[in-house]
Amino acid sequence: MSSSPHARNPFGVTKAVDLNDSQIQNLWVDVLSIGDELSHFAHPNSAMPSLVLGAKGSGKTHLMRYHSFELQMLRYGANPTAKEIQAGVANDGYIGIYALCGSINSSRFRGKRQSEEKWREIFAYYLELWLSHHLLQVVEKLQLGEEVESTLCVAIGQLFDRPLANQVRTVRELGDQIATLQRDLDYHVNNAVMTGKLDVEILVTRGRLIFGIPKLLASHCEFLKSALFVYAIDEFENLTIEQQQV
């Protein structure tokens, strides 16, 4: 036993990113504070962007994951029906899309005999695909129905500057196609140091998907008309200053 009079932070070694969804839910503690400061974070339906700052183990990841859609689903009950999910989202007023920057390995997007300008545009495109894939994984769980999904996929396809290679009718198929574009981009980025080339087609204008898809969802689904789509981007500090600006 340590002789130190100071209590140790149990998350100094164990990180919230390593916990599963049930553990994040069970280890969450609601705290009421004077002035309602913390409850503001407990209901992340403000349209203003937020930066969550703190030392290692202070609860940043736990906070963001707690408000992700995976945890929202747990709070809707075991195997919730489409009706229960839609009612839950309408009541929450938001959908949380959690994404971990560490999985990008952002140091790949620089050097390799390529200009900074090229890397900036390629990283922006990669980010567009990456966040859109996270979003569509959430949308798939909303159980919108075949007819709505088919109509949505056609509308989302029109957000691209060039038509997608394959026509899709479900959100899962669309997510798979975006994941394929992302893997293809991974291949070119990872091999640029060997080939000295980075011949990449950018198929969508910056922001068209990550902002356009939520707008389309709100226009096609009554329960999403007032819902805020919250991108919770964790480990933001792992990006370079230029990438953070993107």
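Our subject is the structure that appears above.
Residues numbered from 1 in each chain as written. Predicted model: local features only at pLDDT ≥ 70, side-chain atom pairs only at ≥ 80, totals over all residues. Heavy atoms only, no water.

The next subject is the overall build of the protein. Summing up its helical and strand segments, the protein has 10 helices and 2 strands in all. Going from the N terminus to the C terminus, the protein shows its helices and strands as α-α-α-α-α-β-α-α-α-α-β-α. The proportion of buried residues among the 246 residues of the protein is 40%. Long-range pairs, those at least 24 residues apart, make up 74% of the contacts in the protein with a sequence separation of at least 6. (Helix = DSSP H or I, 4+ residues; strand = E, 2+ residues; numbered from the N terminus. Buried < 20%, exposed > 50% of the residue type's maximum accessible area, 1.4 Å probe, protein only. Contact = heavy atoms within 4.5 Å.)

What follows deals with the nonpolar core. Formed by 55 residues in total, the largest nonpolar core has its most connected members in F69, V89, I95, L142 and L224. If you list the elements that add at least two residues to this core, you get α4 (69-75), α5 (82-92), β1 (94-100), α6 (116-140), α7 (146-157), α8 (171-195) and α9 (208-220). Among the elements that make up this core, the one with the highest residue count is α6 (13 residues). Among residues more than four places away in sequence, those in contact with F69 are Y76, I85, V89, I95, G96, V138, K141 and L142. (Core = buried A, V, L, I, M, F, W, Y, C linked by side-chain atoms within 4.5 Å.)

Under the defined criterion, the tally for this structure stands at 3 aromatic pairs. Each member of the aromatic cluster is reached from another via a ring pair, and the members are F109, W119, F123 and Y126. In this structure, R75 is placed above the aromatic ring of Y66, and the distance from its NZ or CZ to the ring centre is 4.1 Å. The aromatic ring of Y126 is capped on one face by R108, whose charged end is 5.5 Å from the ring centroid. (Phe/Tyr/Trp six-rings, centres within 6.5 Å; stacked < 30°, edge-to-face > 60°. Lys NZ or Arg CZ within 6 Å of the ring centre and 35° of its normal.)

For the coordinates displayed, the defined rule picks out 5 salt bridges. Among the salt bridges present, the one from E70 reaches K141, with a minimum N-O distance of 3.2 Å. On the criterion of sequence distance, the pair formed by E70 in helix α4 and K141 in the loop between α6 and α7 is long-range, its members being 71 residues apart. The exposure class assigned to E70 is partly exposed, which follows from its relative accessible area of 26%. Classification of K141 as partly exposed rests on a relative accessible area of 32%. In this structure, R172 engages E140 in a salt bridge whose closest nitrogen and oxygen atoms are separated by 2.7 Å. Of this pair, R172 sits in helix α8 while E140 sits in helix α6, and the two are 32 residues apart along the sequence. Residue E140 is classed as partly exposed on the basis of its relative accessible area, which comes to 27%. (Salt bridge = Lys/Arg side-chain N within 4 Å of Asp/Glu carboxyl O.)

So, on to the environment of R183. Along the chain, R183 falls in helix α8. In this structure R183 comes out as exposed when scored by relative accessible area, which is 53%. For the pair R183 and L129, spaced 54 residues apart in sequence, the C-alpha separation works out to 10.0 Å.

Here the focus is the packing of α6 against α9. Remark: α6 packs on α9, axes separated minimally by 8 Å, with the N-to-C direction vectors making an angle of 25 degrees. Overall, the two elements α6 and α9 adopt an arrangement that is roughly parallel. In contact with E128, L131, S132, L135, L136 and V139 of α6, α9 contributes R208, L209, I210, I213, P214 and L217. Of the residues assigned to the contact of α6 with α9, the class counts are 9 nonpolar, 1 polar and 2 charged. (Axes fitted to C-alpha atoms, helices over the stretch in contact; angles between N-to-C directions. Parallel < 35°, antiparallel > 145°, perpendicular 65-115°, else oblique. Nonpolar A, V, L, I, M, F, W, Y, C, P; charged D, E, K, R; others polar.)

To continue, consider α6. In this model α6 runs 36 Å from its N-terminal to its C-terminal C-alpha over 25 residues, within 8% of the 36 Å that 1.5 Å per residue would give. Summarising burial for α6: 18 of the 25 residues are buried, a large majority. (Expected span 1.5 Å × (residues − 1).)

Our next topic: the packing of α6 against α8. Viewed as axis vectors pointing N to C, α6 and α8 meet at an angle of 150 degrees, and their least axial separation amounts to 9 Å. Relative to α8, α6 is oriented roughly antiparallel. The interaxial crossing formed by α6 with α8 has left-handed handedness. Note on element contacts: α8 touches α6 through V171, R172, L174, G175, I178, A179, L181, Q182, L185, D186 and V189, opposite W119, I122, Y125, Y126, L129, W130, S132, H133, L136, V139 and E140. Grouping the constituent residues of the contact of α6 with α8 by class yields 15 nonpolar, 4 polar and 3 charged. (Left-handed = near helix turned anticlockwise from the far one by under 90°.)

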